[in-house]
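Letter by letter, the chains look like this.
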Amino acid sequence: MSATGLIEVLRADVRESEHAGSIAVVDSNGRVIAHCGDIKREIFTRSSLKPFQAAPFVAMGGLERRGWGLPQLALMCASHSGEEKHVELARSMLADCSLEHRHLLCGCQVPIAYTQSGRLPKADEVFSELHNNCSGKHSGFLAACLHQGEPIDDYVAMGHPLQRRIRDSLAKALGRHQAFRLGVDGCAAPNLAMPLPALAQLFAVMAAEQSPESFAKVYGDAPQRCFAAMTQFPELVSGAERSDLALMNIGAGDWVFKAGAEAVQAIGIRSRGLGIAIKIADGNARAMIWIVVEIFRQLGIGDNEQKKQLQALVDRPIRNVRGDAVGSYRPVFKLNMLTGE
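In this report, the structure presented in the accompanying data block is examined. None of the values given here were measured: they were computed from a predicted structure. (Residues numbered from 1 in each chain as written. Predicted model: local features only at pLDDT ≥ 70, side-chain atom pairs only at ≥ 80, totals over all residues. Heavy atoms only, no water.)

Some words on the overall build of the protein chain
Item 1. Helix and strand content of the protein chain: 14 helices and 12 strands.
Item 2. Expected size for 341 residues packed as a compact globule is a radius of gyration near 20 Å; at 20 Å, the protein chain falls within 12% of this value.
Item 3. In the protein chain, which comprises 341 residues, the share counted as buried stands at 56%.
Item 4. Long-range pairs, those at least 24 residues apart, make up 66% of the contacts in the protein chain between residues at least 6 apart in sequence. (Helix = DSSP H or I, 4+ residues; strand = E, 2+ residues; numbered from the N terminus. Rg over C-alpha atoms; globule rule 2.2 N^0.38 Å. Buried < 20%, exposed > 50% of the residue type's maximum accessible area, 1.4 Å probe, protein only. Contact = heavy atoms within 4.5 Å.)

Following this line, the structure appears as structure tokens:
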């Protein structure tokens, strides 16, 4: 199997470019419901893994020990935009642990709020690790280390007990017997590779009212708590003008979305008991929203009003710098339905 064409990019009526990729739709037991492309090849999960990097800490009672609730958990699962509310919540989480931004090992970056909008920072603006889109995840990492009495100076090391715990928990829950292939994410934390159906299953489990036994034994209700945090506080998970926020708002508590770098997207649909994982092969996510809307159309997800709102997200042309409409995105894939979905 190989990646299949997902989106054609048209300039006038000429196909100028094409994005290929793969899609897996599964239930919480990992049964493939629909697919296209190569769903056996392992891909790095990137930031879509964040809920399950937070889940072991949640399962061991870490939120209760810190007096944290769903907002803090949402930020732990976030690739936030570095808006003031994101930065201040991360700062307060560190303060609760008697730590500061210098303890974060994620590095400093210009906030996504600027790169997303195309605006430039002011000349006198100063950023810190708190503005990194992963500062919530890393604040959670530090809290997890303190909870277990583990060192915090190297918490992103592959062999650190925290990172081993994250890997071991996922392996047990997924029934995986071979070691995960590992890489280093953009924020310096270890990241895991897995086939798309496994990533989709993680989000189907999150969206389920109750986890399958293999997940419940490892995480208890932590996946469902991550789902609640992300769907109740989507503005903390993402940011203004970003697709994860727009789509979760349309889903109104039924859909959870988490994008990852290099054009990875994971989705959970509570009302349908489904998880969806998408990988665009060339790593360019510009057409992802068109892919998501087409998947939902083919699966019949959403009521009439939600379908109208989804369509509004893609009823827009490609424009040049002057604002002229010069092209469009066109989905060209068809999901292979395996069980009549």
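Notes on the packing of aromatic side chains
Item 1. In the structure shown here, the tally under the stated rule is nine aromatic pairs.
Item 2. Summarising the aromatic geometry, the rings of Trp255 and Phe296 are spaced 4.9 Å apart at their centres and angled 90° between planes, so their arrangement reads as edge-to-face. Separated by 41 residues along the polypeptide, Trp255 in strand E7 (residues 255-260) and Phe296 in helix H13 (residues 288-299) bring together distant segments of the chain.
Item 3. Look at Trp255 and you get buried, because its relative accessible area is 1%.
Item 4. Taking the relative accessible area as the measure of exposure, Phe296 reaches 1% and is therefore buried.
Item 5. Ring pairing ties together the aromatic residues Phe52, Phe215 and Tyr219, which thus form one cluster. (Phe/Tyr/Trp six-rings, centres within 6.5 Å; stacked < 30°, edge-to-face > 60°.)

Brief notes about the pairing of strand E6 (residues 190-195)
Successive side chains on a regular strand alternate, one facing one side of the sheet and the next facing the other.
Item 1. The element E6 is largely enclosed, with a buried count of five among its six residues.
Item 2. By the bridge criterion, three bridges tie strand E4 (residues 42-44) to E6 in an arrangement that is antiparallel. The residue of E6 that forms the bridge with Phe44 is Ala193.
Item 3. Where strand E5 (residues 181-184) meets E6, four bridges bridge the pair, whose relative direction is antiparallel. The residue of E6 that forms the bridge with Val184 is Pro190.
Item 4. In sequence, E5 turns back onto E6 through a hairpin of five residues, with Ala188 there showing a positive phi of about 85°. (Pairing = 2+ DSSP bridges.)

All quantities given are derived from atomic positions and should not be read as evidence of function.
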